[in-house]
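# Results of the structural survey
Residue-level listing of the chains:
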Amino acid sequence: MTSNGIRDLTDEQARAALPLKWGAVEEGVLPAWVAEMDYHPAEPIEEALVAAVRRGSLGYAPFGSGGLGEAFAGFAERHWGWTVPPEAVLPTSGVMTGVRLALEALCPPGPVVVPLPCYPPFRDAVAVTGRELVPVTLDPDADEATLDLDAIEAAFAAGARTFLLCSPHNPLGRVWTRDELTALAELAGRYDARVVADEIHAPLVLPGATFTPYLTVDERAIVVTSASKSFNIPAVHGAQLVLLDPADREAFARLPIPAQHDWSSLGIVAGVAAWRDCDDWHAALLGRLAAQRDLLADLLAEHLPRARMRPLEATYLAWLDLRAYAADPAAVALAHGVRLAPGADYQPGLDGHVRLNLATSPERLRRIVHRVATALTSEASSLEE
Ligand SMILES: Cc1ncc(COP(=O)(O)O)c(C=O)c1O
């Protein structure tokens, strides 16, 4: 089905196209867990990749960014009014690889401050670099889950000099305001701390919110981003760092081959097409995701009125508090044919919460909510008996 230029995948197509999201569930189970969209990628990306393969472009990636810098700078200027010097953009294979390399090669030693709940590999990135993680809480019950500046300052005062920011935030769907980010930057400046900002979800800011690129408030920060999430192309492994300081760029370029060489020339081809040629598709995507957000709110009001959905300002990953229905709603949902991401994956203790991926067709989202509602309302009535 096509609407507004977004081509929905049928179940059969999705199973072939998305082997992780659909392959990790048994036939008949609807997957609403990992962050991939049940949509066919944009045509300009498909055409660029097919043409590259046809001309035999399967060699190593070039030195430099291969045009990724110019393409990303164009996107940043058109969408966020942010002027990025193309030479500040350095390719890497994935955002999590980039975050790890930033911690290893560019950040001061010592503990890393991470707001929780967080995207689970953030914890792993801190662990594999041998750092201690200092958690600061983002309260999923708060009307506006905001950065706890007092807790962050206490962590800096105790010696931490690195902060790992997810902007916009996965899993809470928040878009930090310029004021919030400016306050963080001011604090980081006072303690000479460095902020690593994962901005992979920035192109997925939905109508109603405004994205502030973190480097526009803190030039010393390290940004890691990619077209992979918003254009549904993680297979091609093309991410990038944005480093405004030439000394950072030199340090990054000096990394030895076993640490940093495995970005893909196809990732560059796809990344250039995504940032440069896909504005129409991207606009249609945001329209579709905003409609899915509204549909999910309506479905919850009708079928699960005691569910609480956090305001979804960005991403296609809705955070739901289902404690009114079950202690472990993700397990109950899975037993009834829907795979959700359990809240405890993002922070131990958040068992009554789930993250639901709504980047699918309206019809499939209805099926997902109907199944979850049937499962949870029978669970809740058995608890009440
Ligand atoms: C916040 C965040 N960072 C990074 C990633 C993964 O990026 P990559 O596959 O490029 O490592 C994801 C994937 O969902 C994500 O949500």
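Since the structure is predicted, the reported quantities are computational estimates derived from the model, not experimental observations.

## Quick notes on the overall build of the protein
When helices and strands are tallied, the protein shows 12 helices and 15 strands. In terms of overall dimensions, the protein is globule-like: its C-alpha atoms have a radius of gyration of 21 Å, near the 21 Å expected for 385 residues. With respect to the principal axes defined by its C-alpha atoms, the protein has extents near 65 × 55 × 35 Å. Counting only residues that meet the buried cut, the protein has 55% of its 385 residues in that class. Long-range pairs, those at least 24 residues apart, make up 75% of the contacts in the protein between residues at least 6 apart in sequence. Computed over 31 positive and 50 negative side-chain charges, the separation of the two mean positions in the protein equals 3 Å.

## Things to note about the side chain of glutamate 180
Position of glutamate 180 among the secondary structure elements: in helix 7 (residues 178-190). A distance of 2.8 Å separates the side chain of glutamate 180 from the backbone nitrogen of threonine 177, its partner in a polar contact. When neighbours within four sequence positions are excluded, glutamate 180 is seen to be in contact with Thr146, Leu147, Arg174 and Val175.

## Some thoughts on the side chain of aspartate 8
Within the secondary structure, aspartate 8 sits in the loop between strand 2 (6-7) and helix 1 (11-17). You can call aspartate 8 buried: its relative accessible area is 8%.

## Observations concerning the site of the ligand
Around the ligand, the neighbouring residues are Ala35, Gly94, Val95, Met96, Tyr119, Cys166, Asn170, Asp198, Ile200, His201 and Lys229. In this structure, methionine 96 approaches the ligand through a main-chain N or O atom, which is 3.0 Å from an oxygen atom. Aspartate 198 is positioned with one of its side-chain polar atoms (N or O) 2.5 Å from a nitrogen atom of the ligand. About the coverage of the ligand: the protein hides 86% of its 400 Å² of free accessible area. When atoms are counted within 2 Å of each cavity's grid points, the one that captures over half of the ligand is the largest pocket. Looking at side-chain class alone, the shell around the ligand contains six nonpolar, three polar and two charged residues.

## As for the domain arrangement of the protein
Domain boundaries assigned for the protein yield domain 1 (2-42 + 280-384) and domain 2 (45-277). Centre-to-centre, using C-alpha coordinates, domain 1 lies 26 Å away from domain 2. Counting residues at the interface gives 34 residues for domain 1 and 38 residues for domain 2. For the pairing of domain 1 and domain 2, the buried interface totals around 2,900 Å² over both sides, and the portion due to carbon and sulfur atoms is 53%. Considering only the side of domain 1, the residues that lose the most area to domain 2 are Arg310, Glu313 and Tyr346, jointly responsible for 23% of the buried surface there. Joining domain 1 to domain 2, the criterion identifies 22 residue pairs in polar contact (both at pLDDT 80 or more). Within the residue set of the side of domain 1 that touches domain 2, elements represented by two or more residues are helix 10 (279-303), strand 12 (317-321) and strand 15 (353-357). With seven residues, helix 10 is the single largest residue contributor to the side of domain 1 that touches domain 2. A breakdown of the residues in the side of domain 1 that touches domain 2 according to their chemical character gives 19 nonpolar, five polar and 10 charged.

What counts, and where the lines are drawn
Residues numbered from 1 in each chain as written. Predicted model: local features only at pLDDT ≥ 70, side-chain atom pairs only at ≥ 80, totals over all residues. Heavy atoms only, no water. Helix = DSSP H or I, 4+ residues; strand = E, 2+ residues; numbered from the N terminus. Rg over C-alpha atoms; globule rule 2.2 N^0.38 Å. Buried < 20%, exposed > 50% of the residue type's maximum accessible area, 1.4 Å probe, protein only. Contact = heavy atoms within 4.5 Å. Lys, Arg positive; Asp, Glu negative; His and termini not counted. Charge placed at Lys NZ, Arg CZ, Asp CG, Glu CD. Polar contact = N/O pair within 3.5 Å; in protein donor to acceptor, adjacent residues only side chain to side chain. Near = heavy atom within 4 Å. Areas by Shrake-Rupley, 256 points an atom, 1.4 Å probe, with all protein chains shown as cover. 1 Å grid on protein atoms, 1.4 Å probe; cavity = no way out; pocket = protein on both sides within 12 Å on 5 of 7 lines; lining within 4 Å. Sits in = over half its atoms within 2 Å of the grid points. Nonpolar A, V, L, I, M, F, W, Y, C, P; charged D, E, K, R; others polar. Domains from an automatic or database assignment. Buried area = accessible area lost by both parts, 1.4 Å probe.

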